[in-house]
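In case you want the letters, here they are:
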Amino acid sequence: MMSETITEKETVEEFLLQHKNKWTFFNVPFEDGQALENLVLENNSQTILEIGTSTGHSTIWLAKAVEKTGGKIITIEIDKNRHQQALKNFKEADVSHLIEAKLGDALQIIPTLNETFDFVFSDATLTVQPKESYLLFFKATEPKLKIGGLYTMHNVTDGYGDDGRFFKYLEKLGNYQTSIIRASHNGISVSKKLK
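Sequence order sets the numbering: in each chain, residues are counted from 1 along the sequence as written. Restriction of local features to residues with pLDDT of at least 70 applies here, the model being predicted, together with a cutoff of 80 or more for giving and counting side-chain atom pairs; totals for whole chains, interfaces and linings are based on all residues. With hydrogens and water excluded, all non-hydrogen atoms of the structure serve as input to the side-chain values.

So, on to the pattern of salt bridges. By convention in these notes, a salt bridge is any Lys or Arg side-chain nitrogen within 4 Å of a carboxyl oxygen on Asp or Glu. On inspection of all chains with the given rule, the structure shows eight salt bridges. The residue K72 makes a salt bridge to E100 at a minimum N-O spacing of 3.7 Å. One end of the pair, K72, is in strand β2 (residues 72-77); the other, E100, is in strand β3 (residues 99-103), and 28 residues separate them in sequence. A residue is classified by how much of its surface remains accessible, and E100, at 32% relative accessible area, is partly exposed. Note that E115 and K72 form a salt bridge whose closest N and O atoms lie 3.5 Å from each other. Residue E115 is located in the loop between α5 (106-109) and β4 (117-122), and its partner K72 is located in strand β2; the two are separated by 43 residues in the primary sequence. A single network of salt bridges, built from pairs that share partners, joins K72, E100, K102 and E115. Runs of E in the DSSP output that reach at least two residues are strands. Runs of H or I that reach at least four are helices, and both are numbered from the N terminus. We call a residue buried when its accessible area falls under 20% of the maximum for its residue type, exposed when it is over 50%, and partly exposed in between, using a 1.4 Å probe and counting protein chains only.

And the structure:
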């Protein structure tokens, strides 16, 4: 007898394939979505925070992974229209039950969260001083990241995101091991919290 889990998995796969290369509004490319899913599975991550939902492409990839690890996602989006479109996409992909989607400013929401996380995906920038935003989001989240957890960040090789200050800050902290995944031209940094 086919279980509900298998049906859900197929629905997510079908949804992602049907919408491949159709995502706009700063969503991650398909290849980066696959890379995020693999990272979550490899690390058996269960408590995930996403900063910058957009319309939900990366969130659905993360949900596809946590459906296997038994986890859940909290995702934050500041734009109301994108947030509402993401909710529709989660429903269509049949992953709404794995996601708590919050509308608002991540820098205000993150301090109110009671959870600690073993995986964070940051894919948002501030409209004012975008070069500072990666660092500000990291500083807000870092106390809630478990030892052994991963802090991942999008747009690290395409010139769109951080100008190097985030990585200099991590070096100074001395308790993160960082590598970069180049699944697409955007790049995803992966920083593991060692202590």
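The structure having been displayed, the exposition proceeds.
Right, let's talk about the pairing of strand β6 (residues 176-181) for a bit. Here, strands pair whenever DSSP counts at least two bridges between them. Both β6 and strand β7 (residues 188-193) contribute to a ladder of six bridges, which runs antiparallel. Opposite Q177, over in β7, you have K192 as the bridge partner. Between β6 and the antiparallel strand that follows it, β7, lie six residues; G187 among them carries a positive phi value of about 80 degrees.

It is worth spelling out helix α3 (residues 57-69) at this point. Taking 1.5 Å per residue as the helical rise, α3 with its 13 residues ought to reach 18 Å, and the 19 Å between its terminal C-alpha atoms agrees with that figure. Within α3, 12 of the 13 residues are buried, which leaves the element mostly enclosed by the surrounding structure. H57, S58, T59, I60, W61, L62, A63, K64, A65, V66, E67 and T69 are the residues of α3 that are buried. Once α3 ends, the next one or two residues include G70, with phi positive near 80 degrees. Between the first and last residue of a helix there are one fewer steps than residues, each counted as 1.5 Å, and that sum is the expected span.

Turning next to the side chain of S191. Tracing the backbone through its elements, the reader meets S191 in strand β7. Of the polar contacts made by the side chain of S191, one reaches the side chain of T178; its length is 2.8 Å. Apart from the residues lying within four places of it in its own chain, the contact partners of S191 are G149, L150, Y151, F166, L170, Y176, Q177 and T178. The term polar contact refers here to a pair of N or O atoms within 3.5 Å; inside protein, the definition further demands a hydrogen-donor-capable atom paired with an acceptor-capable atom, and it admits residues adjacent in sequence only when both atoms are side-chain atoms. It only takes one pair of heavy atoms within 4.5 Å for two residues to be counted as in contact.

Attention shifts here to the nonpolar core. For the purposes of this section, nonpolar cores are sets of buried Ala, Val, Leu, Ile, Met, Phe, Trp, Tyr and Cys residues that join through side-chain atoms within 4.5 Å. In terms of nonpolar packing, the biggest core is built from 28 residues, with I60, L62, V95 and F119 touching the most fellow members. Among the elements that line this core, the one with the most residues is α3, at six residues. Excluding residues that lie within four positions of it along the chain, F119 makes contacts with L36, L39, V40, S45, T47, I48, L49, L62, L145, L150 and T152.

Attention now goes to the environment of K20. Structurally, the position occupied by K20 is in the loop between α1 (4-18) and α2 (30-42). Separated by 37 residues in the primary sequence, K20 and H57 have C-alpha atoms spaced 9.5 Å apart.

The strand order across the open sheet formed by seven strands is β3-β2-β1-β4-β5-β7-β6, and the pairing between neighbours is mixed. The strands lining the two open edges of the sheet, one partner per strand, are β3 and β6. Strand-to-strand twist in this sheet, taken as the mean axis angle between neighbours without regard to direction, amounts to 15 degrees. Here, axes are lines fitted to C-alpha atoms. For helices the fit covers the stretch in contact, and angles between N-to-C directions go from 0 to 180 degrees. Docked against the sheet, α3 engages β1 (47-51), β2, β3 and β4, running at close to 170 degrees with respect to β2.

Over its 14 residues, helix α4 (residues 80-93) extends 20 Å from the first C-alpha to the last, a length consistent with the 20 Å expected when each residue adds 1.5 Å. Residues of α4 that are buried: H83, A86, N89, F90 and A93. Projected down its long axis, α4 shows its buried positions confined to an angular sector of 120 degrees, all on one face. Opposite the packed face of α4, turned more than 90 degrees from it, sit the exposed residues K80, N81, K88 and K91. Capping of α4 at its N-terminal end is provided by D79; its side-chain oxygen lies 3.2 Å from the backbone amide nitrogen of N81. Two residues or fewer past α4, D94 is found with a positive phi of approximately 65 degrees. The directions considered for the arc run from the helix axis to the C-beta atoms.

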